Structures are given as C-alpha cells and as structure tokens.
Amino acid sequence: MKEIERIRIPREIDYLAIHGLRRESVIKLNEIRPDTLGQASRISGVSPADISVLMVLIQAGRAGAPSDPPGKTLTVRLSVVDSRL
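Below: a short report on this structure. As the structure is a computational prediction, the values presented were derived from the model and not from experiment.

What counts and how
Residues numbered from 1 in each chain as written. Predicted model: local features only at pLDDT ≥ 70, side-chain atom pairs only at ≥ 80, totals over all residues. Heavy atoms only, no water. Helix = DSSP H or I, 4+ residues; strand = E, 2+ residues; numbered from the N terminus. Buried < 20%, exposed > 50% of the residue type's maximum accessible area, 1.4 Å probe, protein only. Contact = heavy atoms within 4.5 Å. Areas by Shrake-Rupley, 256 points an atom, 1.4 Å probe, with all protein chains shown as cover. Core = buried A, V, L, I, M, F, W, Y, C linked by side-chain atoms within 4.5 Å. Expected span 1.5 Å × (residues − 1).

Things to note about the overall build of the protein chain
Helix and strand content of the protein chain: four helices and zero strands. A burial count over the protein chain gives 33% of its 85 residues as buried. In the protein chain, the share of contacts with a sequence separation of at least 24, taken over all contacts with a separation of at least 6, comes to 54%. A total accessible area of about 6000 Å² is found for the protein chain, and carbon and sulfur atoms account for 54% of it.

Observations regarding the nonpolar core
The biggest cluster of nonpolar side chains holds 18 residues, and the ones touching the most others in it are Ile 9, Tyr 15, Ile 18, Leu 21, Leu 29, Leu 37 and Leu 54. Counting only elements with at least two residues in this core, the list comes to helix 2 (23–32), helix 3 (37–41) and helix 4 (48–59). In terms of residue count, the dominant contributor to this core is helix 4 (five residues). Not counting the four nearest positions on each side in its chain, Tyr 15 is found in contact with Ile 9, Leu 21, Val 26, Leu 29, Asn 30, Arg 33, Pro 34 and Leu 54.

Points about helix 4
Under the 1.5 Å per step criterion, the end-to-end length of helix 4 is 16 Å for twelve residues, consistent within 8% with the ideal 16 Å. Where helix 4 is buried, its residues contact helix 2 and helix 3.

Okay, here's the thing in structure tokens:
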C-alpha cells in the first residue's frame with residue numbers, strides 16, 4: 001500500500017472523462033481533488049476498483065488530460081486469469 005502513496009494524480013485530471021469510474025467516485029474525487037492515489041483510496045465512496053482504474057491510466061500517462069483530442073477514449077480492460085488452468 002505504501003507504493004500508492006507516492007503515485008501523484010495529475011492536477012489537470014478530468015475525472016468525468018475517465019470511463020470505468022463509478023459516478024459516486026467521480027463526484028467525490030472532483031470535490032476533494034486528492035494529490036495522490038493513497039489520499040484517493042481513503043475517500044469514502046471511492047472503491048479499490050476505482051483506484052485501480054486511476055492507477056492504470058496514470059501509469060499509462062493518459063489520466064484524462066485536457067490535451068487529449070476530443071472524442072479520443074482509452075479503454076482499459078482488466079481480466080482475471082484462472083491459475084488452475
């Protein structure tokens with residue numbers, strides 16, 4: 001968990017443009033504007049799944065920045081691999 005404390009959320013992030021975040025999380029994140037994923041993870045109503053979506057987008061350098069062309073969307077699909085196969 002200490003690792004997410006060091007992952008900074010870009011100030012210009014547009015939570016409304018990030019597909020995959022729950023509506024409640026978008027509202028809370030827009031209101032509070034946390035500086036790090038660690039801070040975001042402690043906000044009531046922001047789920048671990050929402051933190052995972054943010055982490056993937058931030059690490060990919062695509063956190064809904066306004067510099068993205070309008071209409072351009074990054075879709076992230078997460079899958080679980082069954083290790084018994």
